Amino acid sequence: MEQSHGTFRIRYCWTYAKGLALNDPIEYHSPLNAENPTPVNQVVPTRSSTLRDVFIGQDGLRAGWSLLIFIAMIAAIAFCANRIGHKLHVPDPNSAKPGAEMSPLFGILAEAIPFVIVVFITWIMSKIERRPLGVYGLGDSRKLSHFFSGMAWGIVCLSLLILTLWKSGFLVFDSRLLFGSDVFRYGAMWLFGFLLVGLLEEYITRGYIQYTLTRGLASIYRWAFKTRHSAALGFWTAAVIMSLLFGFGHRNNPGESPIGLLSAGLAGFVFCLSLWRTGSLWWAIGLHTSWDWGQSFLYGVADSGMMVQHHLFATHPVGKPILSGGTTGPEGSIFILAVLALIALIIVFTLPREHYGRASRAFE
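Let me sum up the structure you'll find in this document.

1. Points about the side chain of Glu129
Relative to the assigned elements, Glu129 resides in helix 4 (residues 104–129). A polar atom in the side chain of Glu129 sits 2.5 Å from the side chain of Tyr208.

2. Thoughts on a nonpolar patch on the surface
Together, Leu51, Val54, Phe55, Trp65, Leu68, Ile69 and Ile128 line one region of the surface with nonpolar side chains, adding up to about 610 Å² of accessible area. You can see Leu68 is positioned in helix 3 (residues 63–88).

3. As for the nonpolar core
Among the nonpolar cores identified, the biggest contains 36 residues, and Trp283, Trp291, Phe297, Ile343 and Ile347 are the most heavily contacted of them. Elements with a minimum of two residues in this core: helix 5 (143–167), helix 6 (181–206), helix 9 (258–278), helix 10 (282–298) and helix 12 (336–350). With 7 residues, helix 10 is the single largest residue contributor to this core. Contact partners of Trp291, with chain neighbours within four places excluded, come to Gly154, Cys157, Leu158, Leu161, Glu331, Ile336, Val339 and Ile343.

4. Looking at the packing of helix 5 against helix 12
At their nearest, the axes of helix 5 and helix 12 sit 10 Å apart, and the two run at 150° to each other. Here helix 5 lies roughly antiparallel to helix 12, going by the angle between them. As helix 5 packs across helix 12, the resulting crossing turns out to be right-handed. Across from Trp153, Cys157, Leu160 and Leu161 in helix 5, the residues of helix 12 making contact are Ile336, Val339, Leu342, Ile343, Ile346 and Thr350.

5. Here we look at helix 5
Helix length check: helix 5 (25 residues) gives 36 Å between terminal C-alpha atoms against 36 Å at 1.5 Å per residue, within 8%. Of the surrounding elements, those touching the buried residues of helix 5 are strand 4 (171–176), helix 6, helix 9, helix 10, helix 11 (321–324) and helix 12.

6. Here we look at the packing of aromatic side chains
Inspection of the entire model under this criterion finds 18 aromatic pairs. An angle of 85° between the planes, with centres 6.2 Å apart, marks the rings of Trp166 and Phe173 as edge-to-face. Geometrically, the ring pair formed by Phe170 and Phe335 is tilted, given 6.2 Å between the ring centres and 40° between the ring planes. With Phe170 in the loop between helix 5 and strand 4 and Phe335 in the loop between helix 11 and helix 12, the pair connects residues that are 165 residues apart, well separated along the chain. Since its relative accessible area comes to 17%, Phe170 is described here as buried. On the basis of relative accessible area, Phe335 is assigned to the partly exposed category, the value being 28%. Within the aromatic cluster, the residues linked to one another by ring pairs are Phe70, Tyr136, Tyr208 and Tyr211.

7. Thoughts on helix 10
Look at helix 10: 22 Å from first C-alpha to last across 17 residues, which is about the 24 Å you get at 1.5 Å a residue. Of all 17 residues that make up helix 10, 17 are buried, and the element is covered over most of its length. Looking one or two residues beyond helix 10, the residue adopting positive phi is Gly300, at roughly 65°.

8. Quick notes on the side chain of Ser290
Its location among the elements puts Ser290 in helix 10. For Ser290, a relative accessible area of 3% translates into the label buried. Separated by 3.4 Å, the side chain of Ser290 and the backbone nitrogen of Ile155 make a polar contact.

9. Here's the deal with the pattern of salt bridges
All chains considered together, the criterion is met by 4 salt bridges. Where Arg215 meets Glu129, a salt bridge forms, and the shortest distance between an N and an O atom there is 3.6 Å. Of this pair, Arg215 sits in helix 7 (residues 208–225) while Glu129 sits in helix 4, and the two are 86 residues apart along the sequence. Each member of the pair, Arg215 as well as Glu129, carries the same accessibility label: buried. A salt bridge links Asp182 to Arg185; the nearest nitrogen and oxygen atoms lie 2.8 Å apart. You can see Asp182 and its partner Arg185 sitting in helix 6, 3 residues apart, about one turn around the helix.

10. Remarks on the environment of Ile209
As for its position among the elements, Ile209 is in helix 7. Sequence separation between Ile209 and Phe70 is 139 residues; the distance between their C-alpha atoms is 8.4 Å. Apart from the residues within four sequence positions on either side, Ile209 is in contact with Leu67, Phe70, Ile204 and Met242.

11. Section: unusual backbone geometry
Despite not being glycine, Arg130 shows a phi value in the positive range, around 60°. Looking at the element boundaries, Arg130 is found in the loop between helix 4 and helix 5. Phi angles above zero are rare outside glycine, and His310 is one such case at about 60°. With respect to the element layout, His310 can be found in the loop between strand 5 (307–308) and strand 6 (313–317). A relative accessible area of 32% places His310 in the partly exposed class.

About the thresholds
Residues numbered from 1 in each chain as written. Predicted model: local features only at pLDDT ≥ 70, side-chain atom pairs only at ≥ 80, totals over all residues. Heavy atoms only, no water. Helix = DSSP H or I, 4+ residues; strand = E, 2+ residues; numbered from the N terminus. Polar contact = N/O pair within 3.5 Å; in protein donor to acceptor, adjacent residues only side chain to side chain. Patch = residues over 30% accessible without salt bridge, like charges linked within 9 Å, V, L, I, M, F, W, Y side chains within 5 Å. Areas by Shrake-Rupley, 256 points an atom, 1.4 Å probe, with all protein chains shown as cover. Salt bridge = Lys/Arg side-chain N within 4 Å of Asp/Glu carboxyl O. Core = buried A, V, L, I, M, F, W, Y, C linked by side-chain atoms within 4.5 Å. Buried < 20%, exposed > 50% of the residue type's maximum accessible area, 1.4 Å probe, protein only. Contact = heavy atoms within 4.5 Å. Axes fitted to C-alpha atoms, helices over the stretch in contact; angles between N-to-C directions. Parallel < 35°, antiparallel > 145°, perpendicular 65-115°, else oblique. Left-handed = near helix turned anticlockwise from the far one by under 90°. Expected span 1.5 Å × (residues − 1). Phe/Tyr/Trp six-rings, centres within 6.5 Å; stacked < 30°, edge-to-face > 60°.

As structure tokens, this is what we get:
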């Protein structure tokens, strides 16, 4: 039987927001006594305590408190890890300058440690909220398929952008820097490094926080407007908020530009579209991984203003930064907007509606 567009979307949203109906309300029964016997199966309504209502809602711990606890734990552990890291390794002040190149070891450690912290804190929150860890974005019955599909489209779309800049004269390939076994060695190292980048950036922005913010906003919309579309409204409102924060989070990158910040925010929103379609982050992680790897290692261009050591080609931008990307790299070029629109269309047409909720249903 075919389902209408609206009905299907609502079923998906409620599947994605798994925690919105985890626990049934507790029924309180009055004890039997000789003067006022009460049947055992009769529910006597009792007023829950005001303090409990502040912290606990129909779906467990309220989303606001969940986010507060999550962010507080992340901040505390990240602060301690940062202080320890600075004691063990004093950062090079030149590493924050445009054109400075990041080493593979530093890049891997800089992503692996925060990712482990985020996964650990998310696991703690899953225990507090009594939810499967997979509902926060990494659970997917088709994770490998989605991941490799995202990787393939990432390198294709990036290559299209690089080709456009090169043929238009805004990007020049100077020389090849790596040969023989070094190509595979450093290529593999940076692929692993950018896999960690994709995992960290997707999970910290569109994992637990996106899920919980959706849950909280859906409750507000449901209370305020009595609409059956509350989960969809909650998801997309959360997507806008997290995408703005994702773009803003790139502001301190060396060589970043207004177009670069805009493209980062729009990319975050496009990644939310893939999350909406598949119920997981794996497609976005795959594209994020291959896109950054292609920029930094394969083509040797800046990635949001950052360069890496041991890349395959030496290149440099030519012309106005708004067209060439300048020190930001291809993501600072106005051409990136067309490529992001293309990626959105790829998501719509390659991750069709019949795939809605398949990953999420595996958590039930």
